[in-house]
Every structure is written in structure tokens, then in C-alpha cells.
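In case you want the letters, here they are:
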Amino acid sequence: LQLNYVQASRFSSDAAHELRTPLTVIRGNLKRLLNRAPDSSVEQIQLSMLSDEVERLISITNKLLMLSQADAGRLAVHKEAIHFNNLINQLIDDYSNYRPDIEITKSLQRNIELDGDKDLITQLILNLFSNAFKYNFSGGKVLFNASCTATHLSFNISNTTQLTASGLDDRVFERFYRHTGSQNKETNTQQGSGLGLSLCREIAKAHGGDLEIRRVVNQTVTFSCRLALKGSK
């Protein structure tokens, strides 16, 4: 079993490495073709659709590579001071403009500072917010709160959801897992890869914490995350 696990992890890493170069070449050629295509033409629309799918493949490839690095204990973490409040306020402002039909409430302790990888932490928070809005409904709610102890930051993001409680459990952190109702709720958005939450949990662990899903209550699901603060382990 251990050998099979190592081989599967190595395959994911090798496949991701091999796919990155040809996908990058395809992306570049598609961009050149898009720039040459007449505006609003059928050709431009078809090329744009192809470009979106290539971007999705590149995203999946990058996530697979990062997960393989996490499996091997080699997920690169470049630490710096992160002003957590500024990051959250910016993301909330962006989503407030993007989905004004959803009510957003926040409660943050003042002047939270992390010692971590800003790109990874941003990816973690962005993915959680993205899911909170993607699987929500018009007139729904998103609630974010964060507080600190002497050593760790804890934050929760709760959102109303159209998805049923069945399937919203620890399985969401399994790679390529998709809730049975998610495809029906994504008719107007790009479908996910089933890798985002798995990667989020690995990012949290790489920062001395963890990510958990709580029981769904009254059509509301909550993700709870814990991260080590500056100077803690």
C-alpha cells in the first residue's frame, strides 16, 4: 500500500511537470489567435472558450503539483509578515461588488499579523470565499469572523448554501471529490476540479494549523481554519 501511494504521488508530480510546458505553449498561441480574430466573431468566441479550458487545465496542473509537493513534505513556504485584516477587507470589498445580492458580515480582531506565505494564504482565503459565493443563492449570507490566541489565529467562514447537508462532510477534502448537487448549481460558472479544498487544508497544515468543515445547520455550512501566528510553531 505504501509503495502504491508513493507511486501514485510520483505519477501526479511527474504528470504535472510534463503538462506545464505544452499547456503554456497552447495558452500563448491561443492568445495570439484571439488578438487576431475579429471582435465578437464566432471564431473569437470559440477561441475564448478554448482559452478558458486551457486555463482550467493549467490551474488543475498547478494544484496537482502543489499537492504532490505537500505529500512529499516539500511544499515551498516563503514567509513574510502578512497584514491579515487588510487581506480580508480587500477580498470582502471585491466580492461585495461582484455579488451585491449576498449579504456579507465580518467580525475581525484588530491588527492581526501572520508570519506566512502571502500567496498561499491568499489562495487559501480566496478559495474559501469563492466556494462561499459559488454555492450560495441570491438573498443568501456570508459571515466571516477571526480572532487570536497567544499563538494561533482562528477564523470561520459560514455561508448559506443550496447544497444538501448529505455530502458536506470530511469528504470535501478528498481529491477530486464533488458534491452530487454541485454540477446542477454551476450552470453559469466554471466547474471546479475537486482539488481546491484539499489544497487549502495542506496550506493550513504547512502554516502550523488545519482546516475543518462543521456540521451543516439551517442550510448554512461553516469552514473553520487555524493558522500559527508570527513567531509560533
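These numbers were taken from a predicted model, which means no experiment stands behind them.

### Regarding the overall build of the protein
Consideration 1: A count of helices and strands for the protein gives five helices and seven strands.
Consideration 2: Written out in order from the N terminus, the α and β elements of the protein read α-α-β-α-β-β-α-β-β-α-β-β.
Consideration 3: Each of the 233 residues in the protein was classed as buried or not, and the buried ones make up 41%.
Consideration 4: In the protein, 70% of the contacts between residues at least 6 apart in sequence involve partners at least 24 apart.
Consideration 5: Surface accessibility of the protein: about 13400 Å² in total, with carbon and sulfur atoms responsible for 49%.

### Some points on the pattern of salt bridges
Consideration 1: Evaluated as defined, the whole model comprises five salt bridges.
Consideration 2: Salt-bridge contacts for Arg27 lead to Glu55; the nearest nitrogen and oxygen are separated by 2.9 Å. Note that Arg27 is positioned in helix H1 (residues 2-36) and Glu55 in helix H2 (residues 42-71), a separation of 28 residues in sequence.
Consideration 3: Among the salt bridges present, the one from Arg171 reaches Asp169, with a minimum N-O distance of 2.9 Å.
Consideration 4: You can call Arg171 partly exposed: its relative accessible area is 35%.
Consideration 5: Judged by its relative accessible area of 28%, Asp169 is partly exposed.

### A closer look at helix H3 (residues 84-98)
One full turn of an α-helix is made of 3.6 residues, so residues set three or four places apart face in the same direction.
Consideration 1: Compared with the 21 Å implied by 1.5 Å per residue over 15 residues, the 21 Å span of H3 between its first and last C-alpha is a close match.
Consideration 2: Within H3, burial applies to Phe84, Asn85, Leu87, Ile88, Leu91, Ile92 and Tyr95. Down the axis of H3, the sector holding all buried residues measures 160 degrees, keeping them to one side. Across H3 from its buried face, at more than 90 degrees, point the exposed residues Asn86 and Asn97.

### Brief notes about H2
Consideration 1: Look at H2: 44 Å from first C-alpha to last across 30 residues, which is about the 44 Å you get at 1.5 Å a residue.
Consideration 2: Taken residue by residue, H2 has Leu47, Ser51, Val54, Ile58, Ile60, Thr61, Lys63, Leu65, Met66, Leu67, Ser68 and Ala70 as its buried positions.
Consideration 3: Downstream of H2 by a residue or two, Gly73 has a phi angle that is positive, lying close to 70 degrees.

Analysis parameters
Residues numbered from 1 in each chain as written. Predicted model: local features only at pLDDT ≥ 70, side-chain atom pairs only at ≥ 80, totals over all residues. Heavy atoms only, no water. Helix = DSSP H or I, 4+ residues; strand = E, 2+ residues; numbered from the N terminus. Buried < 20%, exposed > 50% of the residue type's maximum accessible area, 1.4 Å probe, protein only. Contact = heavy atoms within 4.5 Å. Areas by Shrake-Rupley, 256 points an atom, 1.4 Å probe, with all protein chains shown as cover. Salt bridge = Lys/Arg side-chain N within 4 Å of Asp/Glu carboxyl O. Expected span 1.5 Å × (residues − 1). Arc of directions from axis to C-beta.

Honestly, that's just the spatial picture; any functional story needs more than this.
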